[in-house]
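# Working through the structure, step by step
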Amino acid sequence: DTAVSQTPKYLVTQMGNDKSIKCEQNLGHDTMYWYKQDSKKFLKIMFSYNNKELIINETVPNRFSPKSPDKAHLNLHINSLELGDSAVYFCASSRRDYRVDILGTEAFFGQGTRLTVV
Amino acid sequence: RKEVEQDPGPFNVPEGATVAFNCTYSNSASQSFFWYRQDCRKEPKLLMSVYSSGNEDGRFTAQLNRASQYISLLIRDSKLSDSATYLCVVNLADRGSTLGRLYFGRGTQLTVWP
């Protein structure tokens, strides 16, 4: 009964390859995210989707392309992988916080995908 | 300048100690505040929300000072199981929008020793 699940957990691949990470949430949340955590442990948002619509697209190389087939799924496809893409990628989801009328609070994270590009 | 600044530590304390972490945020329009906990090689998990003047949950007390743009987390009677990285998080909506986003600090590492 995992709330936010992402696959694979580990991904080792060569430079130049294309890979995808999948994420699913069963919490009924409307908003889903991709975060990247680098080697210095800094967690930074990459993308956010609300009800399948892209609402946040940070300065991320266009080799990264998110896709949300429905509000419970958010996948991340990465083209032409580079060494610097090595990191842990976390999927997350959140609900609307009516106390402050702000979308996207109290995020629940998946277990992360540890991507190593060699 | 980063949205959220934290002392990275590490903090090494004995069991039973009281330890406090601080965090500052740069944008006064930030609307909600959280502490997350991240264990080694695990995902971040919500520890506590901080919505008004602060709140307490067992051994954990979070305080918010909007005037100083400062958030703190106090852990009393530290347990070995408290060893983790504690992430300060603020939620900030884009101007004129309800579309908020979470900004994470780099985290403060805590080790509790027996």
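Notes on the structure follow. Note that the structure is a prediction, hence the values are computed from the model and not measured. (Residues numbered from 1 in each chain as written. Chains lettered and ligands numbered in written order. Predicted model: local features only at pLDDT ≥ 70, side-chain atom pairs only at ≥ 80, totals over all residues. Heavy atoms only, no water.)

## A word on the layout of surface pockets
Quick reminder of the rule: Definitions used for this entry: grid spacing 1 Å over protein atoms alone; cavity, a set of points where a 1.4 Å probe fits but cannot get out; pocket, an open set with protein on both sides within 12 Å along at least 5 of 7 lines; lining residue, one with an atom within 4 Å of a point. Grid points are joined across faces, edges and corners, and a volume is the space filled by probe spheres set on the points. In DSSP terms, a helix is any run of H or I states spanning at least four residues, a strand is any run of E spanning at least two, and both are numbered starting from the N terminus. Under the scheme applied here, ten amino acids are nonpolar (Ala, Val, Leu, Ile, Met, Phe, Trp, Tyr, Cys and Pro), four are charged (Asp, Glu, Lys and Arg), and all others, including Gly, are polar.
In this model, the largest pocket occupies a volume close to 560 Å³. Looking at the largest pocket, it is lined by 32 residues, and the ones nearest its centre are Gln37(A), Lys41(A), Arg114(A), Gln38(B) and Arg41(B). Looking at the lining of the largest pocket, the element that brings in the most residues is strand 11 (residues 113–117) of chain A, giving 4 residues. Tallied by class, residues from the lining of the largest pocket come to 9 nonpolar, 13 polar and 10 charged. Volume-wise, the second largest pocket comes out at about 220 Å³. Together, Lys36(A), Asp38(A), Phe42(A), Lys44(A), Ile45(A), Met46(A), Glu58(A), Thr59(A), Val60(A), Pro61(A), Phe64(A) and Asp85(A) line the second largest pocket. The element that contributes the greatest number of residues to the lining of the second largest pocket is strand 5 (residues 43–50) of chain A, accounting for 3 residues. Taken together, the residues that form the lining of the second largest pocket break down as 6 nonpolar, 1 polar and 5 charged.

## Focus: the sheet that holds strand 3 (residues 19–25) of chain B
Residue and element names in this part refer to chain B. For the record, the criterion: Should DSSP find at least two bridges between two strands, the strands are taken to pair. Interaxial angles span 0 to 180 degrees and are taken between N-to-C directions of axes, which are lines fitted to C-alpha atoms, for helices over the stretch in contact.
An order of 1-3-8-7-6 is seen for the 5 strands of this open sheet, with the pairing classed as antiparallel. Each edge of the sheet is formed by a strand with only one pairing partner; in this case those strands are strand 1 (4–6) and strand 6 (54–57). Across this sheet, the average inter-strand angle for adjacent strands is 15°, counted without regard to direction. Sheet analysis places strand 6 next to strand 7 (residues 60–65), joined by 4 bridges and oriented antiparallel.

## What to know about the sheet that holds strand 7 (residues 64–70) of chain A
Residue and element names in this part refer to chain A. With respect to topology, 4 strands assemble into an open sheet ordered 1-3-8-7, the strand pairing being antiparallel. The open sheet has two edge strands with one neighbour each: strand 1 (4–7) and strand 7. If you compare each strand with its neighbour and ignore which way they point, the axes differ by 15° on average. Bridging between strand 3 (residues 19–25) and strand 8 (residues 73–78) involves 4 bridges; their strand directions are antiparallel. If you follow Lys19 over to strand 8, its bridge partner there is Ile78.

## Focus on the pairing of strand 7 of chain B
Residue and element names in this part refer to chain B. The turn linking strand 6 back onto strand 7 is made up of 2 residues, and Gly58 within it adopts a positive phi angle of 65°. Two strands pair when backbone bridges link them, and strand 7 and strand 8 (residues 70–75) are joined in this way by 6 bridges, in the antiparallel orientation. Among the inter-strand pairings, Phe60 is bridged to a residue of strand 8, identified as Ile75. Two successive antiparallel strands, strand 7 and strand 8, enclose a turn made up of 4 residues, where Gln69 displays a positive phi of approximately 55°.

## What about the nonpolar core?
We apply this condition: Residue types Ala, Val, Leu, Ile, Met, Phe, Trp, Tyr and Cys, when buried and joined through side-chain atoms within 4.5 Å, form a set referred to as a nonpolar core. Each residue's exposure class comes from its accessible area (1.4 Å probe, protein chains only) as a fraction of the maximum for that residue type: buried when under 20%, exposed when over 50%, partly exposed otherwise. Contacts are assigned to residue pairs with any non-hydrogen atoms lying within 4.5 Å of each other.
If you look at the biggest cluster of nonpolar residues, it comprises 23 residues, and the most contacted ones within it are Phe21(B), Trp35(B), Ile71(B), Leu73(B), Ile75(B), Tyr86(B) and Leu110(B). Residue assignment for this core shows that the elements contributing at least two residues are strand 3, strand 4 (32–38), strand 5 (44–50), strand 7, strand 8, strand 9 (84–93) and strand 11 (108–113) of chain B. In contact with Ile71(B), not counting residues within four places along its chain, are Phe21(B), Asn22(B), Cys23(B), Tyr25(B), Phe33(B), Trp35(B), Gln63(B), Leu64(B), Cys88(B) and Val90(B). If you look at the next biggest cluster of nonpolar residues, it comprises 20 residues, including Ile21(A), Leu76(A), Tyr89(A) and Cys91(A).

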